[in-house]
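Next come the chains, spelled out residue by residue.
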Amino acid sequence: MAVSALNNNSAETKHLQSLANPTHVALHQLWELQKARAASNRTAGTEWRKTLLKKLYAAIELFEIRLTDAVFQDFGRVETETRIVEIYPLLTEIQFNLKNIEKWTKQHSAGRTIMTLTAKAWTKAEPKGVSLIISPWNYPIFLTLGPLISAIAAGCTAILKTSELTPKVSVVLQELVRDAFLPEEAAVVLGDAQSSQALLDLPFDHIFFTGSTQVGSIIMQRAAQHLSSVTLELGGKSPVIVDETANLKDAAKKVVWAKFVNAGQTCIAPDFVMVHHAVQKRFCEALIAEVMRAYSDKAPHHDLAKIVSERHYTRLKKAVEEAIGMGAEALLPVQAHDEQRAISPTLLLNVSQEALLMREEIFGPVLPIKTYTNMSDLVHYLSTMPSGKPLAMYIFSESEVHQERLLAEVSAGGVCINDCLIHLVHKRLPFGGVNQSGIGKSKGEYGFWEFSNRKAVIKQKSGLAPFSLFFPPYTEEVKKRLDWLFKLKI
Ligand code: NAD
C-alpha cells in the first residue's frame, strides 16, 4: 500500500495501531508512514518537537493512575514506588529536554585549523530518522517512554515494542501513545520476541534496545543486516564494595533500598556485596536491622513487588536452594509465597562461586554477601568477572585511596561512591553500560545524541585554500612546503 493511501484517520491506520500480533505487511506500512514523516522532520524546526514533548507530558499525567494500576496488576509493585521510580523521572526528563533542546540542536563551531584556515567549520545535530525502541518489563513505563523522549527531542519518529511480560501496562502505553501522537510520529506495537524479530527485518535508522545481554547480542546481529546504529542498555552483575572504613549503617540502609526496590528486578540493583572481612559481621547485622525496619512490619512484605513470571520465580527459588545446598548461610528466614510469586528479602552469606547466584545476574530480592581481605584480590576479582564489565559499581568507603584505586582499575558503566542508583537520577550524567553491560548512553543530552547524527560541515571559500599548496605535481617546492609543515608540528 502506498504511503499516501494511509491518512491519519483512516481505518487502516487505526487497525495498524491496535494490532497485537502485527503481520510483516502491517509493520512495513507503519514503517513507511514513519519514514515519510522522518523525511519532513528534517526541515522542521524545534518548536514541533517541544509540542510533542508537552503532549507526552500531558498524556503521562492523564494516564498516571491507569499506568500505576496496570503495573500493580502485572507484577504487584505498589503505586507509591511506581510514582517514585517511573513517573517522576519521566516528567523531569521531559522538563530537562524542553529546557535544553535549543542548546543541543544549535550549530557548534569547530574553529579553524592551519590546513583549513580559510574555511568555516561546524557540527550540527540532525535526526537519524525512524527509530525502533524495544523495552523490557521491569520498568515498563520509564524504559519505553524515556527513550521516546530522546527520540522526539532529536527529531526522530519511533516504533515502540513493549514487553509481553507486562501485558496490562503495554496496552495502557499503547493507548497513551495513540492519545498523544499520530502513528507516523510514534506508535506502540505489542507482542513478544516474534514481534521484535519481525520489526528487526526493517531498515531502522536507529535501534534503542533495553533488556538482557543475551537478547542484546541478537539485536546487534540483526541490526548489522541494515547497518542500523544501536544503543544497547543491558544487564549484568553490579557489585557493592564495603571496605573497612565505610559507614556501615549508612551503607546498609542504601544497599537495602537499592536491592529490594522492585524486588531486586532492577538492571542496576546491587547484585552482590563484597565486604572487608574485618567489618563483615557488623555490616551483616546492619543489613538485617535495615531489612527488618523497611519490610517486616507488614505481612507478607506489602511494599515488595512480586516476581514477574512463574519462570523467573522458579529460577530464583531454585538458585537460592542451590546456594544454601552448597553451604551459603541465610541471615533471615527465606520465605517464598508461590501463589503471589513473592520472595522475602533474602540475605545469603558465603555463597559459593560455583552457584548460579554468583554466575548469572540475579534479578530478584536475593543478596549474596562475600568477604575479601585485600584490595588487590578484590580488584582482580571485579575486573575479571565472567559476566563482564558491570553496569554499575557501588563503593562504600571513607578512604580516598580505596575509592581512587577502584575507580581507576575496575571498568563499569557507572559508579556511585557512598550511595546506590543515584547516578541514574542525576540529569546531566550519562547512563549505560560498557561492552557486555551495554553500548551507548541514555538520558538527557546523551540520549539526544544516540538518536542524532553529529553532522560535520566545512564551508570553504572559492579560490586559494592552504591544502591546494600540496596538490600534485609533487615538485621540489611542494616537498619543501611539506618539510616546513612537518617542522611546525601543528
Ligand atoms: P529481555 O531481553 O528478555 O526482553 C527485552 C525485550 O526484548 C522484550 O520486549 C522482549 O519481547 C524482547 N525480546 C526477547 N527475546 C527476543 C528475541 N529473541 N529477539 C528480539 N526481541 C526479543 O529482558 P527482560 O526480561 O524484559 O528484562 C530484564 C533484563 O533487562 C535484565 O537483564 C536487566 O538487567 C535488563 N535491563 C537493563 C536496563 C538498562 O538500562 N541497562 C534496564 C532494565 C532492564
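Just so we're clear, the structure is a prediction, and the values are computed from it rather than from any experiment. (Residues numbered from 1 in each chain as written. Predicted model: local features only at pLDDT ≥ 70, side-chain atom pairs only at ≥ 80, totals over all residues. Heavy atoms only, no water.)

### Side note on the domain arrangement of the chain
Interface extent is often summarised as the accessible area lost during association of the parts.
Next up, step 1: As far as domains go, the chain holds domain 1 (3–234 + 442–453) and domain 2 (239–428).
Next up, step 2: Computed from C-alpha coordinates alone, the two centres of domain 1 and domain 2 are separated by 32 Å.
Next up, step 3: Between domain 1 and domain 2, the contact holds 17 residues from the first and 21 residues from the second.
Next up, step 4: Both faces considered, domain 1 and domain 2 share a buried interface measuring about 1700 Å² in area, 59% of it formed by carbon and sulfur atoms.
Next up, step 5: Put simply, domain 1 and domain 2 have zero salt bridges between them.
Next up, step 6: Residue assignment for the side of domain 1 that touches domain 2 shows that the elements contributing at least two residues are α3 (47–75), α4 (79–105) and α16 (444–450). (Domains from an automatic or database assignment. Contact = heavy atoms within 4.5 Å. Buried area = accessible area lost by both parts, 1.4 Å probe. Salt bridge = Lys/Arg side-chain N within 4 Å of Asp/Glu carboxyl O. Helix = DSSP H or I, 4+ residues; strand = E, 2+ residues; numbered from the N terminus.)

### Observations concerning the sheet that holds strand β15 (residues 392–396)
Next up, step 1: A sheet is described by the order of its strands in space; here seven strands give the open sequence β10-β13-β14-β9-β8-β15-β16, paired in mixed fashion. In the strand order of this sheet, the two ends are held by β10 (329–330) and β16 (414–417), each with one partner.
Next up, step 2: Bridge analysis of β10 against strand β13 (residues 346–349) gives two bridges, and the strand direction is antiparallel. If you follow Ala330 over to β13, its bridge partner there is Leu348.
Next up, step 3: Sitting on the sheet, helix α10 (residues 280–295) is in contact with β8 (239–242), β9 (272–276), β13 and β14 (366–372), with an inclination near 170° to β13. (Pairing = 2+ DSSP bridges. Axes fitted to C-alpha atoms, helices over the stretch in contact; angles between N-to-C directions.)

### Topic: the packing of helix α9 (residues 248–260) against α10
Next up, step 1: Following both chains from N to C, one finds α9 and α10 inclined at 50°, their axes separated by 8 Å at the closest point. With respect to α10, the element α9 is oriented oblique. The chirality of how α9 crosses α10 is right-handed. In this structure, α9 contributes Leu248, Lys249, Ala251, Ala252, Lys253, Val255, Val256 and Phe260 to the contact, and α10 contributes Arg282, Phe283, Ala286, Leu287, Glu290, Val291, Arg293 and Tyr295.
Next up, step 2: Looking at side-chain class alone, the contact of α9 with α10 contains eleven nonpolar, no polar and five charged residues. (Parallel < 35°, antiparallel > 145°, perpendicular 65-115°, else oblique. Left-handed = near helix turned anticlockwise from the far one by under 90°. Nonpolar A, V, L, I, M, F, W, Y, C, P; charged D, E, K, R; others polar.)

### Here's the deal with a positive patch on the surface
Next up, step 1: Among the surface-exposed residues, Lys99, Lys103, Lys106, Lys427 and Arg428 lie close enough to one another that they form a single positively charged patch.
Next up, step 2: Among the structural elements, Lys106 can be located in the loop between α4 and β1 (108–109). (Patch = residues over 30% accessible without salt bridge, like charges linked within 9 Å, V, L, I, M, F, W, Y side chains within 5 Å. Areas by Shrake-Rupley, 256 points an atom, 1.4 Å probe, with all protein chains shown as cover. Lys, Arg positive; Asp, Glu negative; His and termini not counted. Charge placed at Lys NZ, Arg CZ, Asp CG, Glu CD.)

### Description of the pattern of salt bridges
Between side chains of opposite charge, pairing is possible as soon as their charged atoms come close.
Next up, step 1: Under the counting rule described, the total for this entry stands at 19 salt bridges.
Next up, step 2: A salt bridge links Lys50 to Glu47; the shortest N-O distance between them is 3.3 Å. With Lys50 and Glu47 both in helix α3, this residue pair falls three residues apart, about one helical turn.
Next up, step 3: Of the charged contacts in the structure, one is a salt bridge between Glu175 and Arg66, with a shortest N-O distance of 3.0 Å.

### Re the environment of Gly325
Next up, step 1: Mapped onto the secondary structure, Gly325 falls in helix α11 (residues 310–325).
Next up, step 2: The spatial distance from the C-alpha of Gly325 to the C-alpha of Val351 is 9.9 Å, given a sequence separation of 26 residues.

### Digging into α9
In an α-helix, one turn spans 3.6 residues; hence positions three or four apart end up facing the same way.
Next up, step 1: Under the 1.5 Å per step criterion, the end-to-end length of α9 is 18 Å for 13 residues, consistent within 8% with the ideal 18 Å.
Next up, step 2: Of all the positions in α9, only Leu248, Ala251, Ala252, Val255, Val256, Ala258, Lys259 and Phe260 are classed as buried.
Next up, step 3: Buried residues belonging to α9 abut β8, β9, α10, β13, β14 and β15.
Next up, step 4: Positive phi appears at Asn262, one or two residues downstream of α9, with a value of about 55°. (Expected span 1.5 Å × (residues − 1). Buried < 20%, exposed > 50% of the residue type's maximum accessible area, 1.4 Å probe, protein only.)

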